[in-house]
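# Chains, contacts and geometry: an overview
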Amino acid sequence: MAGRLTADEVSRYRRDGFHFPIRVLSPAEARACRERLEEHERAAGGPIAGDMRHKVHLLFTWANALARHPAILDAVEDVIGPDILCWSSTFFIKEARSPSFVSWHQDATYWGLSTDEVITAWVALADAPVESGAMRFWPGSHHRSQLEHRDTFDENNLLSRGQEIAVDVPEGAGVDVPLKAGEMSLHNVLLAHASGPNKTDDRRIGLALRYIPPHVRQLKVRDSATLVRGRDPYGNFDPEPAPKADLDAAALATHRDAVERSAKALYSGTDRTTFRG
C-alpha cells in the first residue's frame, strides 16, 4: 500500500463512497496547469469543448503528467491497489455565472465496465467553493448498487445525456465538497453525486481522472486505457501512448480513436454519437 491515506480514511471511503480533501498539487502547480489549459483556449478561440474535453491526457503532455502524478496515484493505490490504468480524463468546467449544472447520477450507469472497482479523482485546477457549483455527494449511496436513471438531455446539464437518477435524494442528505485549487476528492463509480450552477465570478475548473485496476473489463467494446502505475497482466484494454507534444498529429490520432471507442460504449443503444459538456 502506498500509504497516502490512513487506514481509517480508506475505511471511511469504503463506507461513505468518497474522501476529500486531499492536497495533491501546490497552488502554484494548479495555477500552472490552469494556465496551460487557458493558453490552449486562447489559441483555439474559445473554451475547450466537445470531444476535446474528454481523454485529455492523450492530447496534452501536462494533462498526461497530471494523470501520472505520484500524489494522486498514491491515494488511488490505497483504494484499488498498485496496478493502475487511467481509463479516462474529462474536464468539467463551469464558466463564471454559468447556469451549467450536473444532475444526481451514478457514473457507472452507461460506462460498460465489469465491476465497481472504479475510482474518480476530481482535481481542482481553480478554487471550487460551494457557490461555484462544487460537487455534492450522497454518502453511502454506492451501497444501493445500480439505480434506475432517465436521460433528460437538458442543454445546461454537463453530463453527456443529462442523465439523472430516478430516485429522490433525501432532504439534507447531500454533502458539499468544496475544494481549493490543487486539492482533489475521490469517489466510487456507484456513488450518487451532483453539482449546481456557478454563482461566482471565476471559472470552476475540475479534471476528473478515472482509474481502474487492470482486471476490470469493458463489456461493450474493445476499449483503450493508459497504464500509469505497476503492470497490466490482463490486457483487457489496448495501451494508449503518451503524447510527445501537445496536440501533435500522433496525439490527435490516438485521441480520435480513443474517443470513438468511448462514444460507442457510452451511447450504445442510442443515436447520440458525440460527447458534450
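Residues numbered from 1 in each chain as written. Predicted model: local features only at pLDDT ≥ 70, side-chain atom pairs only at ≥ 80, totals over all residues. Heavy atoms only, no water.

### Comments concerning the nonpolar core
The biggest cluster of nonpolar side chains holds 41 residues, and the ones touching the most others in it are I72, F91, L125, M184, L186 and Y211. Of all the secondary structure elements, the ones that give two or more residues to this core are α1 (7–16), α2 (27–44), α3 (61–67), α4 (70–80), β2 (84–94), β4 (119–124), β9 (183–188) and β11 (204–212). Broken down by element, the residue count for this core peaks at seven residues, all from α4. (Core = buried A, V, L, I, M, F, W, Y, C linked by side-chain atoms within 4.5 Å. Buried < 20%, exposed > 50% of the residue type's maximum accessible area, 1.4 Å probe, protein only. Helix = DSSP H or I, 4+ residues; strand = E, 2+ residues; numbered from the N terminus.)

### With respect to the side chain of H193
Tracing the backbone through its elements, the reader meets H193 in strand β10 (residues 193–195). Within polar-contact distance, the side chain of H193 engages the side chain of D107 at 3.3 Å. Within the local environment of H193, its side chain forms a polar contact with the backbone oxygen of L191, the two atoms lying 2.9 Å apart. (Polar contact = N/O pair within 3.5 Å; in protein donor to acceptor, adjacent residues only side chain to side chain.)

### Focus: the packing of aromatic side chains
Ring pairs (aromatic) are described by centroid distance and by the angle formed between their planes. In the structure shown here, the tally under the stated rule is five aromatic pairs. Their ring planes at 40° and their centres at 5.0 Å tell us that F18 and F137 sit as a pair that is tilted. With F18 in strand β1 (residues 18–23) and F137 in strand β5 (residues 135–137), the pair connects residues that are 119 residues apart, well separated along the chain. F137 sits in the buried class, given a relative accessible area of 0%. Each ring, one from W62 and one from F91, has its centre 6.1 Å from the other, and the planes form 40°; the classification is tilted. Remark: F91 occurs in strand β2 and W62 occurs in helix α3; sequence separation between them is 29 residues. Each of the two residues, W62 as well as F91, counts as buried. By way of ring pairs, the aromatic residues F18, F20 and F137 are connected into one cluster. (Phe/Tyr/Trp six-rings, centres within 6.5 Å; stacked < 30°, edge-to-face > 60°.)

### Some details on helix α5 (residues 249–266)
For α5, spanning 18 residues, the distance from its first C-alpha to its last is 26 Å, which sits close to the expected 26 Å at 1.5 Å a residue. Within α5, the full set of buried residues consists of A251, T254, H255, A258, V259, R261, S262, A263, A265 and L266. Residues of α5 that are buried in the fold lie against β12 (224–229) and β13 (238–239). (Expected span 1.5 Å × (residues − 1). Contact = heavy atoms within 4.5 Å.)

### Points about the pairing of β9
Look at any regular strand and the pattern is simple: side chains alternate between the two faces of the sheet. Most of β9 is tucked away, with six of its six residues classed as buried. The two faces of β9 match: E183, S185 and H187 on one face and M184, L186 and N188 on the other face are all buried. Bridging between β1 and β9 involves four bridges; their strand directions are antiparallel. Across the sheet, I22 pairs through a bridge with M184, a residue of β9. Pairing analysis gives five bridges linking β4 to β9, with the strands arranged antiparallel. Paired with V123 across the two strands is M184, which belongs to β9. (Pairing = 2+ DSSP bridges.)

### A closer look at unusual backbone geometry
With an omega dihedral of -15°, the bond running from F20 to P21 counts as a cis peptide bond. Looking at the element boundaries, P21 is found in strand β1. Positive phi, normally seen in glycine, also occurs at R97, with a value near 55°. With respect to the element layout, R97 can be found in the loop between β2 and β3 (102–105). Of note, L247 is a non-glycine position whose phi angle comes to about 60°, a positive value.

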